[in-house]
Amino acid sequence: MYDLDAHVAELYDQLITTTEDIALIRWLIGPRKGLRILEPFCGTGRVLIPLALDGHTVVGLDCARGMLSRAKAKVATLPPEVQERITLLQRDVLWEAWPAGFDLVILGGNCLYELATPEEQAQVIASAANALRPGGHLFVDNDHMEGELDSSWYDPPVCERVFPTGECADGTRLESRWRVIWYDAPRRLIRFLRQTRISLPDGSVVEREYIQQKHPVSAIEVTDWLTSQGLTIEHMLGDYEGHPYTNSAPRAIFWVKKVAPCLLYTS
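The present account deals with the structure reproduced in this document. (Residues numbered from 1 in each chain as written. Predicted model: local features only at pLDDT ≥ 70, side-chain atom pairs only at ≥ 80, totals over all residues. Heavy atoms only, no water.)

1. Examining the sheet that holds strand β1 (residues 36-40)
Consider a sheet: its strands pair through backbone hydrogen bonds, and that pairing is either parallel or antiparallel. One open sheet holds the seven strands; their spatial order is β3-β2-β1-β4-β5-β12-β11, and the pairing between them is mixed. Of all the strands in the sheet, the pair left with one neighbour each is β3 (86-90) and β11 (231-237). Geometrically, the sheet is characterised by an average inter-axis angle of 15° between neighbouring strands, direction not taken into account. Across five bridges, the pairing between strand β4 (residues 102-107) and strand β5 (residues 132-143) is parallel. When the sheet's bridge partners are listed, L104 is paired in β5 with H137. (Pairing = 2+ DSSP bridges. Helix = DSSP H or I, 4+ residues; strand = E, 2+ residues; numbered from the N terminus. Axes fitted to C-alpha atoms, helices over the stretch in contact; angles between N-to-C directions.)

Right under this line is the structure:
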């Protein structure tokens, strides 16, 4: 979706402006300085750039050229010493190798929702675990929904003015809608036909159409994926204010540690 048109990244920045998750990550990092941080699904750099400004060395991965191009344009406006701490890589996180040896990996902002199946999501959790050095941490942040797929995902079956919809600085306007074409509520799977109309400043119009599948994750699933990788859950939070997770919490946020392997001594 994010490579549908170069203007999608601009509309993304208009829509996603929250900083509360960044504040939470900073709180969890605490006084530690100069961490090596990896952010898959880094998008336009909303999370990654503030952490680089804090003095950390950051690497961002994303498969969308349009999102990375906008991130690179932002990085180019930063002081040279900050630019040197930022690396942006076009990378398909499912099919291409991840760099390793990080103090922190960030899977934030519902990024697991960009994947179509629980198998793909579990694979990304495993890749994140492998990218951590012993003693490193993983941050996982998703909307909270347990049980079957909530009916709000498929009722009504057609939604207008969904993302990407809006007007860009050059006058280009995007209007998008989606229609549910299949869902399996017990398995929490849903598939959409998404249609986008792009009206360009010269009066020409381009129509785009594609199919997208999503699997909204549950806290139970994420817990199972994390523990299967031998990771230790240090904090499970229910919102960006840092309140503990409950069954009614709006989010399911995990702060997880990769425990260093025990050293074996022989006499």
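2. As for unusual backbone geometry
Each neighbour pair has its own omega, and for D155 with P156 the value is 10°, a cis peptide bond. Residue position: P156 is located in the loop between β5 and β6 (158-160). A positive phi angle, near 55°, is found at R161, a position not held by glycine. Looking at the element boundaries, R161 is found in the loop between β6 and β7 (166-167).

3. Overview of the environment of V124
For V124, the location among the structural elements is in helix α6 (residues 118-131). Separated by 84 residues in sequence, V124 and P40 have C-alpha atoms that sit 9.2 Å apart. Filtering out sequence-adjacent residues up to four positions away, V124 remains in contact with F41, V93, L94, W98, L107, L112 and L115. (Contact = heavy atoms within 4.5 Å.)

4. Side note on the packing of helix α1 (residues 7-15) against helix α4 (residues 65-75)
Packing of α1 against α4 leaves a shortest axis separation of 8 Å and a crossing angle of 65°. As far as their axial angle goes, α4 and α1 are roughly perpendicular. Regarding α1 and α4, the two cross each other, and that crossing is right-handed. Residue-level inspection shows A9, E10, Y12 and D13 of α1 in contact with α4, the latter providing G66, M67, R70 and K74. Classifying every residue of the contact of α1 with α4 gives three nonpolar, one polar and four charged. (Parallel < 35°, antiparallel > 145°, perpendicular 65-115°, else oblique. Left-handed = near helix turned anticlockwise from the far one by under 90°. Nonpolar A, V, L, I, M, F, W, Y, C, P; charged D, E, K, R; others polar.)

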